[in-house]
Each structure stands twice: as C-alpha cells, then as structure tokens.
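Working through the structure, step by step
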Amino acid sequence: MIVRRLGLDEHPSQDEHERVEIREDRLPVAGGELWYRITNPSAQGVPLVVVHGGPGCPSYYLDALTALADERPVVHYDQLGCGRSSTEVSDEYLTLDAY
C-alpha cells in the first residue's frame, strides 16, 4: 500500500546517464506526517524500504544504504515521533498497530 501511495508501482524507463532523482516530501497519516525520501524512484529493481529502529531513533544512520539506489528505488522514512516526521504525536498513535 505504501509503495502505491508513494508512486513506486509505476516504473518509467530511465536513461542510465541521467542524474539520480531524489524525491523528498511528507505523507499525511493518522497522528501527523511521515517524512520520506525516495532515491532513484524510476529504477526498475524491487524497492528497498529502509526501516529504522525506534521509537525515537531517526533514519539518519541508515543514509549509507542510498548507495543501493543504482538498481532500485531506496525509500528512507522517519516514524512518527522522531527525525523529520511529526515529533509532537499523541501516545494513541505510537502503538504497534500504527506501525
């Protein structure tokens, strides 16, 4: 579902000499907004969704995985309550079911 909402279910062809595209935005969800960055969203490979530890530990330490975007889209995001996502979140949205 998230792959479809982020537009990763469509894969237009890409000239291999083009500069790698980076898409960064916030996605509205119950309880706030999720920050996400997609590196090389047009790549043909299976998308890699990078999930950081938490709660409270943002995705910064996983940035090196962007190097895998040469063959696939790489999606980084921060969970609610940390990093570049909404940080002031009600406890009712910080549950296992919410993730």
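Our subject is the structure that appears above.
Residues numbered from 1 in each chain as written. Predicted model: local features only at pLDDT ≥ 70, side-chain atom pairs only at ≥ 80, totals over all residues. Heavy atoms only, no water.

1. What to know about the sheet that holds strand β1 (residues 22-29)
- Spatial strand order, β1-β2-β4-β3: four strands in an open sheet with mixed pairing. If you trace the sheet from one side to the other, it starts and ends with β1 and β3 (48-50), each paired once. Here the average twist between neighbouring strands, direction ignored, is 25°.
- As defined by bridge partners, β1 adjoins strand β2 (residues 32-39) across eight bridges and the pair is classed as antiparallel. By the bridge assignment, proline 28 is partnered in β2 with glutamate 33. (Pairing = 2+ DSSP bridges. Helix = DSSP H or I, 4+ residues; strand = E, 2+ residues; numbered from the N terminus. Axes fitted to C-alpha atoms, helices over the stretch in contact; angles between N-to-C directions.)

2. A look at the pattern of salt bridges
- One pass over the structure, following the stated rule, counts three salt bridges.
- Of the charged contacts in the structure, one is a salt bridge between glutamate 33 and arginine 26, with a shortest N-O distance of 3.1 Å.
- Relative accessible area serves as the criterion here: at 31%, glutamate 33 is assigned to the partly exposed category.
- Linking aspartate 78 and arginine 84 is a salt bridge whose minimum nitrogen-to-oxygen distance equals 3.4 Å.
- The exposure class of aspartate 78 is buried, given its relative accessible area of 0%. (Salt bridge = Lys/Arg side-chain N within 4 Å of Asp/Glu carboxyl O. Buried < 20%, exposed > 50% of the residue type's maximum accessible area, 1.4 Å probe, protein only.)

3. So, the nonpolar core
- Core analysis: the largest hydrophobic core is formed by eight residues, namely Leu27, Leu34, Tyr36, Ile38, Val75, Tyr77, Leu80 and Val89.
- Put simply, the parts of the chain that give this core at least two residues each are β2 and β4 (74-78).
- Sorting elements by how many residues they give to this core places β2 first, with three residues. (Core = buried A, V, L, I, M, F, W, Y, C linked by side-chain atoms within 4.5 Å.)

4. So, the pairing of β4
- Burial analysis of β4 places five of its five residues in the buried class, the great majority of the element.
- Going residue by residue along β4, you find Val74, His76 and Asp78 tucked away on one face and Val75 and Tyr77 tucked away on the opposite face as well.
- In this sheet, β4 lies alongside β2 in antiparallel orientation, the contact comprising five bridges. Residue pairing across strands places arginine 37 opposite histidine 76, the latter belonging to β4.
- Bridge count for β3 against β4 is three bridges, and the pairing is parallel.

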